[in-house]
Every structure is written in C-alpha cells, then in structure tokens.
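One-letter residues, chain by chain:
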Amino acid sequence: MKMIKQIGQIGVRVKDVKRATAFYRETLGLQQLFETENMSFFECEGVRLMLTLPENDAFDHPGSVLYFNVPDIEEAYQQFEDKGVSFLDQPHVVAKMEQTETWMTFFRDTEGNTLALMSEVTVS
C-alpha cells in the first residue's frame, strides 16, 4: 500500500510569529487559516504553509520541513520504522481545531534533512 499521498504542509522556521504572519498575510496576500501561540497556518493552493517557532535546537536553522500526508499515522510510522527509518519522536497531536486533530511525527532522511509524517483525524 502506498503510504505517502502528497505533500500536505511545508514548515518555515521564523523568529517572530506575529511579524512573519503579517508579512505572509498582508504583504504576500496568502489566506491565513488559523494560528496558535507558536504557529501560523496559510492556504497555498492545496499545500498548507506553517510558520513556526523552532520546537528545539534541531529545528532552529534556515530551511523547510516537508510534511507528507498519510491516511493513518500510526500504521505509516510502524511501516517506515520496520524499513529502518529512525524517528525523532512518536506520533503526537500538534494542533486541535474544532473536530480535527493534526498528528505528526518527525524523522531524518539519509542526508540529515528533517521530514515529517502528518495525519488529520476527525474526532467527535
């Protein structure tokens, strides 16, 4: 079964979320979807752009993180782990908006780039 369907999100590290949000919304004219204390999300023709403060030192560098949509994050995590992928964390909830939870887990490619699996789950 093909696990990765598409790129669902691109994360851009920022130093000041409010300043960056204003630039992307007001200067670039992107549609803001929602924001949290440390993140701001925009719609960009089917790909979500996330502006975020770095979670820790591993993410505190210029560059982007590719977030791959998967239908079942737990299943994808297990399948990729079985193939030797070394994950940096366990699947976990990063955002809750109304009836939707966004789950993520991070890993590195062979070149040291940080990548992520993400899954959006509807909860009742």
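Owing to the predicted nature of the structure, the values given are computational and were not obtained by experimental measurement.

Asker: I tried to follow the packing of aromatic side chains on my own but got confused; where do I start?
Answerer: For any pair of aromatic rings, the description rests on two quantities: the centre-to-centre distance and the angle between the ring planes. For the structure on display, the rule yields six aromatic pairs. Taken together, a centroid distance of 4.4 Å and an interplanar angle of 25° make the contact between F34 and F41 stacked. Taking the relative accessible area as the measure of exposure, F34 reaches 16% and is therefore buried. Site record: aromatic cluster; members linked through ring pairs are F23, Y24 and F42.

Asker: Sorry if this is basic, but what is going on with the side chain of T21 here?
Answerer: Note that T21 resides in helix α1 (residues 17–27). T21 gets classed as buried once you look at its relative accessible area, which sits at 3%. There is a polar contact of 2.7 Å between the side chain of T21 and the backbone oxygen of V17. Discounting residues that sit within four places of it in the chain, T21 has contacts with E26, Q32, S40, F42 and L51.

Asker: Can you help me understand the sheet that holds strand β7 (residues 100–108) in this one?
Answerer: By definition, the strands of a sheet pair up through backbone hydrogen bonds, in either a parallel or an antiparallel sense. A sheet is described by the order of its strands in space; here eight strands give the open sequence β2-β3-β4-β1-β5-β8-β7-β6, paired in mixed fashion. In this open sheet, the two strands that pair with only one neighbour each are β2 (31–35) and β6 (92–97). Averaged over all pairs of adjacent strands, the angle between strand axes in this sheet comes to 30°, irrespective of strand direction. The sheet contact formed by strand β1 (residues 6–13) and strand β5 (residues 64–69) spans six bridges and is antiparallel. Bridge pairing in β5 links V12 to S64. Contacts from α1 reach β1, β2, β3 (39–44) and β4 (47–52) within the one sheet, and its direction differs from that of β3 by about 15°. Each of β7 and β8 (114–122) is contacted by helix α2 (residues 73–82), which is oriented at about 150° to β8, the strand it contacts most.

Cut-offs used in this document
Residues numbered from 1 in each chain as written. Predicted model: local features only at pLDDT ≥ 70, side-chain atom pairs only at ≥ 80, totals over all residues. Heavy atoms only, no water. Phe/Tyr/Trp six-rings, centres within 6.5 Å; stacked < 30°, edge-to-face > 60°. Buried < 20%, exposed > 50% of the residue type's maximum accessible area, 1.4 Å probe, protein only. Helix = DSSP H or I, 4+ residues; strand = E, 2+ residues; numbered from the N terminus. Polar contact = N/O pair within 3.5 Å; in protein donor to acceptor, adjacent residues only side chain to side chain. Contact = heavy atoms within 4.5 Å. Pairing = 2+ DSSP bridges. Axes fitted to C-alpha atoms, helices over the stretch in contact; angles between N-to-C directions.

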